[in-house]
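One-letter residues, chain by chain:
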Amino acid sequence: MGDKSQICSVWVGSETGILKGVSLSKKQAFNFCEMNSLSRDQEVSVLCWGDAHETEVLVGCSNGAVKTFSTEKGIFTESRQCGDGTNGKFTGLAVTDSSLVTCVESGLVQVWKEGSTDIVEINAGNSVCRMRQNASQRHQVATGGKETPLKVWDLERPDTPIFTAKNVRNDWLDLQVHEWLRDLAFIPDSEKIVTCTGHHQVRVYDPSSPQRRPVLEVQFGEYPLTALSLPSSPGSVVVGNTQGQVAILDLRKGLVRGCLKGLAGSVRGLQCHPSLPLVASCGLDRFLRIHNLEDRKLQHKVYLKSRLNCVLLPSRDPEVCPAGVDTELEVKEDDGPGDEVWDTMETVTEKTKKRGLEEKADCVGKKMSTKKRKAVKK
Amino acid sequence: MDVEVQPELQDKSKKQKKKMKHLKKRDKPKEQAIEKDVVKESTTADIPPELAFPPTFSVSEIKNKQRRHFMFMKYKQEKRKEQLALKKKRKKERDALGDKAPPKAVPKTIENQRVYDETTVDPEDEEVAFDEGTDEFSAYFNKLTNPKVLITTSDRPRGRTVRFCEQLATVIPDAHVYYRRGLALKKVIPQCIARDFTYLMVINEDRKVPNGLVLCHLPDGPTAHFKVSSVRLRKEMKRRGKDPTEHSPEVILNNFTTRLGHSIGRLFAALFPHDPHFVGRQVATFHNQRDFIFFRFHRYIFKNEKRVGIQELGPRFTLKLRSLQKGTFDSKFGEYEWVHKRHEMDSSRRKFHL
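Cut-offs used in this document
Residues numbered from 1 in each chain as written. Chains lettered and ligands numbered in written order. Predicted model: local features only at pLDDT ≥ 70, side-chain atom pairs only at ≥ 80, totals over all residues. Heavy atoms only, no water. Helix = DSSP H or I, 4+ residues; strand = E, 2+ residues; numbered from the N terminus. Buried < 20%, exposed > 50% of the residue type's maximum accessible area, 1.4 Å probe, protein only. Contact = heavy atoms within 4.5 Å. Areas by Shrake-Rupley, 256 points an atom, 1.4 Å probe, with all protein chains shown as cover. Expected span 1.5 Å × (residues − 1). Axes fitted to C-alpha atoms, helices over the stretch in contact; angles between N-to-C directions. Parallel < 35°, antiparallel > 145°, perpendicular 65-115°, else oblique. Left-handed = near helix turned anticlockwise from the far one by under 90°. Pairing = 2+ DSSP bridges.

Peer 1: Just to check I follow, could you spell out the overall build of chain A for this structure?
Peer 2: Looking only at helices and strands, chain A features four helices and 28 strands. In chain A, buried positions account for 53% of the 378 residues. Of the contacts made within chain A by residues no fewer than 6 positions apart, 43% connect residues no fewer than 24 positions apart. Accessible area of chain A: about 18,200 Å², with a carbon and sulfur share of 50%.

Here it is, written out as structure tokens:
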């Protein structure tokens, strides 16, 4: 198990309660769980890295357990009961210096200190769809959900939120606009927060400015946006909706930069690589897809057999296998049954070939035409 | 069955076009070859090359349209004769060889040239088995629930749709046809759940022709949306048997191989009661071919140990999956498991999803 987990670079949590590791360089996928003790109430709802070196994956199950998976040993090393699942599934999981922050659908944000039993509890609203941590200031988290506005909390002062968003103005009929925040992200190197809603809007909030209403609002498509992620290049955001439409939006003017094609079902998890122009998406169509953000081409497509809930990318290059692991493995896994799954991955290159041909044809055509011209001149 | 006929016709016309192309291609090399010969001759005989006539002609070069047409017809007739002769010859050879004849080549069809689909279900796969064992249909397949179906239509149905609903209700046991009365589906669904219905079936109509089907499994989904075409009601069928009896029919599901296909197959299977009445000798068939699902309803009889007779009872129709949505019907806020995106997905004719 240890060998397998060390070559895996992308981690995916499924609705059947299986943690899946995918190695893009070896083109293989592995399940990390006991197949005889599967059950739906272990559904993986959130994933996050447990430490800075990315050797531990924290897995939030819908029955309230947070399991620690060691990528070096390839086994679940620890399990901690954070709530009992009666308050709903986990909507966010974060690690600060010595404590674990969890958030459930009922809006209860809890901070579990290492080694002590006292819990800090925050009530963030009635139904929270997502909690995210600020990557630069790790004691800051933001929450938001259905009829619950965006709130930014400082975990050291949990009594009042630092920032509470204000709902947008009433519409032209003077009716209240419903709030339904589905996902959010902190924009690095600024205090801004970008959110996406179930009413297909993308909004940018700026807590540093006196305005509590969004400073930018963009509409994309006509179906609820379910996931959002910020790529490494600033000024854009990747959003996905319930029909599998994924687009890169520009945050300066709010225009669509391009769409990522190939998805067949609702997007549940979306994550951009922190330094490379890559985005991983997974969802109800049971595929993990990795697109390049620059040319928007599909790089990898992996069938993972279960509906997928969340995806986790490492900060190193996922396509490069860590050195010093893979000598023995290659021999072992040649007879593995997973090979067929990867046959499809080659198909992505076809289009480029065709284009190449066309270009060649064009070149020939051009040459011909020049020859003709020359002939005419003579 | 009408749908199947059409592609054949198209194929034929395409073949003809191809023949035309071949014809042109074949002529060209000949011309070139002969031209070369002419050039050789000219060099040997010292005749200036300008005097060499084009030794062969291609039909397309004839300027007179009537003449061209006539020559082309003649060419085609000759070719056909040749082909027939060749065919006859081959058959003779086969007959002469008798049992030793090599096996006949399998014709290429877009189904047997199908692009491999990695989601094809392996029956021994533990994970898929677990996924299917705990999905929304598991209650039916564990024999905990009995199907009860509500059939309704879009608002204000007209003649054919109404009859189609009635006939569907005779095919599916324990089906109840209700008039829509302008009710919203989202309001109908909770009432259905309260009355222990396990399916809601809505037939959509456009210009008096049924063209859509929403099949919603209750109480918690999934919902499938189909396009309906080629509906033939009982009255319009030839050589139809007597009206079906109230026995619950056997169900045949053909060719649902991929993961999505399995979900759709289970959706259809759960429409009918668990134990069919074999006394009724009735069979409902959902046959998937090239992502089109053909529905037929038959009565069979064993004539002797070897022969079986079948008699179609009707109705017949064709379905094509448009989307599969998780949860009960919610076209605005529901999450889709699979949506058919024509321009993205239909890039290859040999790629099938079910």
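Peer 1: Looking at this structure, how should I read helix α5 (residues 159-171) of chain B?
Peer 2: Between its terminal C-alpha atoms α5(B) stretches 19 Å, which fits the 18 Å expected from 13 residues at 1.5 Å a residue. Turning to α5(B), its buried residues number three or more, namely B:T161, B:F164, B:C165, B:Q167, B:L168, B:A169 and B:V171.

Peer 1: Looking at this model, I keep getting lost on the packing of helix α3 (residues 126-133) of chain B against helix α7 (residues 259-269) of chain B. Mind explaining?
Peer 2: The angle between the axes and the distance between the axes are what describe a pair of packed helices. Residue and element names in this part refer to chain B. One can describe the packing of α3 onto α7 by two numbers: an axis separation of 12 Å at closest approach and a directional angle of 30°. Comparing the axis directions of α3 and α7 gives the class roughly parallel. Note that α3 runs across α7; the crossing there is right-handed. Along its contact with α3, which presents V128, D131 and E132, the element α7 presents R259, H262 and R266.

Peer 1: Please clarify how the pairing of strand β4 (residues 209-217) of chain B should be interpreted in this entry.
Peer 2: Looking along a regular strand, one sees side chains alternate from face to face of the sheet. All names here are of chain B. Across the nine residues of β4, seven count as buried, placing the element largely inside the fold. In this sheet, β4 lies alongside strand β3 (residues 199-206) in antiparallel orientation, the contact comprising eight bridges. For L200, the partnering residue across the bridge sits in β4 and is C216. The hairpin formed by β3 and β4 contains two residues between the paired strands, and R207 there has a positive phi angle of roughly 50°.

Peer 1: Help me understand the sheet that holds strand β17 (residues 193-197) of chain A in this model?
Peer 2: The strands making up a sheet associate through backbone hydrogen bonding, with each pair oriented either parallel or antiparallel. Residues and elements named next belong to chain A. Spatial ordering of the open sheet is given by β16-β17-β18-β19, a layout of four strands whose pairing is antiparallel. Edge positions in the open sheet fall to β16 (181-186) and β19 (216-219), since each of these has one partner strand only. Each strand of the sheet is rotated relative to its neighbour by a mean of 15°, with strand direction disregarded. Pairing analysis gives five bridges linking β16 to β17, with the strands arranged antiparallel.

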